Amino acid sequence: MAAVVRSACLLIQLAVVALWCSHGAFASDPALLQDFCVVDKMSQVRVNGFPCKDAKDVVAEDFFFSGLHMAGNTANKQRANVTAVNVAQIPGLNNMGVSLARIDYTPNGLNPPHTHPRATEILTVLEGSLYVGFVTSNPENKLFAKVLNKGDVFVFPQGLVHFQFNHGTDNAVALAALSSQNPGVITVGNAVFGSKPSISDDILAKAFQVDKNIIDHIQAQF
């Protein structure tokens, strides 16, 4: 009987280790098994990531992007602009597990509450001052927030709702690095109030504990 119990315990331990390893294997972008895997934009193959083009057809421009020295257009409701540099802009980033973004903010400019489902973000303020923060998952929903000045760095954990707000009187610029070639963005307001088709205002009114007329007004903004 003791031998049977030991065997059962060993099997359980192996199963736990296997599940943990499996989770780790899928926790980030696929690892490279070669020097590079430049995106083949003409391929009809659909994989988790992008198929590679023939190495003999790869050129230096596949690893190049120019434009982060230029300010983004902040003439919008949020008065902020994100210039993404991910696998869509640099084909050579495929399977590399990293990307960048430049974020410009006018005074009172806001990068609204959003998440990156596939990446942790580390943000550096290049100019100006930002009030930034993120909120932990349920049930605590604890806010971690801080004012950042030029040269300051802040980390937003993967998948958590976060934001940046320019509370200063001058324009602000930040550079963000993300731990995915294609981190994705889910802006909370757009997803909840701007979905197509719309989420029922009955559902949203109950979720936010407000009158349906308020929900209808908010949805009209998106």
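This section reports on the structure supplied with the text. Because the structure is a prediction, the values reported are computed rather than measured.

### Topic: the packing of helix α3 (residues 201–208) against helix α4 (residues 212–220)
At a closest axis distance of 9 Å, the pairing of α3 and α4 adopts a crossing angle of 110°. The angle between α3 and α4 falls in the class roughly perpendicular. Within the contact between the two elements, α3 uses D201, D202, L204, A205 and F208 and α4 uses K212, I215, D216 and Q219. Considering only residue class, the contact of α3 with α4 consists of 4 nonpolar, 1 polar and 4 charged.

### Comments concerning the pattern of salt bridges
All told, the structure shown has 5 salt bridges when counted by the stated rule. With a shortest N-O distance of 3.5 Å, K150 and E127 are connected by a salt bridge. Of the two residues, K150 is situated in the loop between β6 (143–148) and β7 (153–156) and E127 in strand β4 (residues 121–127); the sequence distance between them amounts to 23 residues. Judged by its relative accessible area of 57%, K150 is exposed. A salt bridge links D202 to K212; the shortest N-O distance between them is 3.0 Å. In this pair, D202 is assigned in helix α3 and K212 in helix α4, connecting sequence segments 10 residues apart. According to the relative accessible area criterion, D202 is partly exposed, its value standing at 45%. With a relative accessible area of 37%, K212 lands in the partly exposed category.

### Some words on the pairing of strand β3 (residues 110–115)
Every other side chain in a regular strand lies on the same face of the sheet, so the side chains alternate between the two faces. In this structure, β3 lies alongside strand β8 (residues 161–165), joined through 3 bridges in antiparallel fashion. Within β8, the residue paired with N111 across the bridge is Q164. Looking at chain direction, β3 and strand β10 (residues 186–187) are connected through 2 bridges and run antiparallel. By the bridge assignment, H114 is partnered in β10 with T187.

### A few points about the side chain of T115
Inspection of the secondary structure puts T115 in strand β3. Owing to a relative accessible area of 11%, T115 belongs among the buried residues under this scheme. The residues touching T115, leaving out its near neighbours within four places in the chain, are G159, L160, V161, H162, G184, V185 and I186.

### Section: the nonpolar core
Core analysis: the biggest nonpolar cluster contains 16 residues, and Y105, L123, L130, V132, L148, F154 and F156 have the highest contact counts within it. At the level of secondary structure, the elements contributing two or more residues to this core comprise β2 (99–105), β4, β5 (130–135), β7 and β9 (172–178). For L123, the residues in contact, after removing those within four places along its chain, are I103, Y105, L130, L148, D152, V153, F154, F156, Q164, A174, L175 and A176. Grouped together as the second largest cluster of nonpolar side chains are 5 residues, V39, V85, V87 and L93 included.

Parameters and conventions
- Residues numbered from 1 in each chain as written.
- Predicted model: local features only at pLDDT ≥ 70, side-chain atom pairs only at ≥ 80, totals over all residues.
- Heavy atoms only, no water.
- Axes fitted to C-alpha atoms, helices over the stretch in contact; angles between N-to-C directions.
- Helix = DSSP H or I, 4+ residues; strand = E, 2+ residues; numbered from the N terminus.
- Parallel < 35°, antiparallel > 145°, perpendicular 65-115°, else oblique.
- Contact = heavy atoms within 4.5 Å.
- Nonpolar A, V, L, I, M, F, W, Y, C, P; charged D, E, K, R; others polar.
- Salt bridge = Lys/Arg side-chain N within 4 Å of Asp/Glu carboxyl O.
- Buried < 20%, exposed > 50% of the residue type's maximum accessible area, 1.4 Å probe, protein only.
- Pairing = 2+ DSSP bridges.
- Core = buried A, V, L, I, M, F, W, Y, C linked by side-chain atoms within 4.5 Å.

The values are spatial; any link to function lies outside them.
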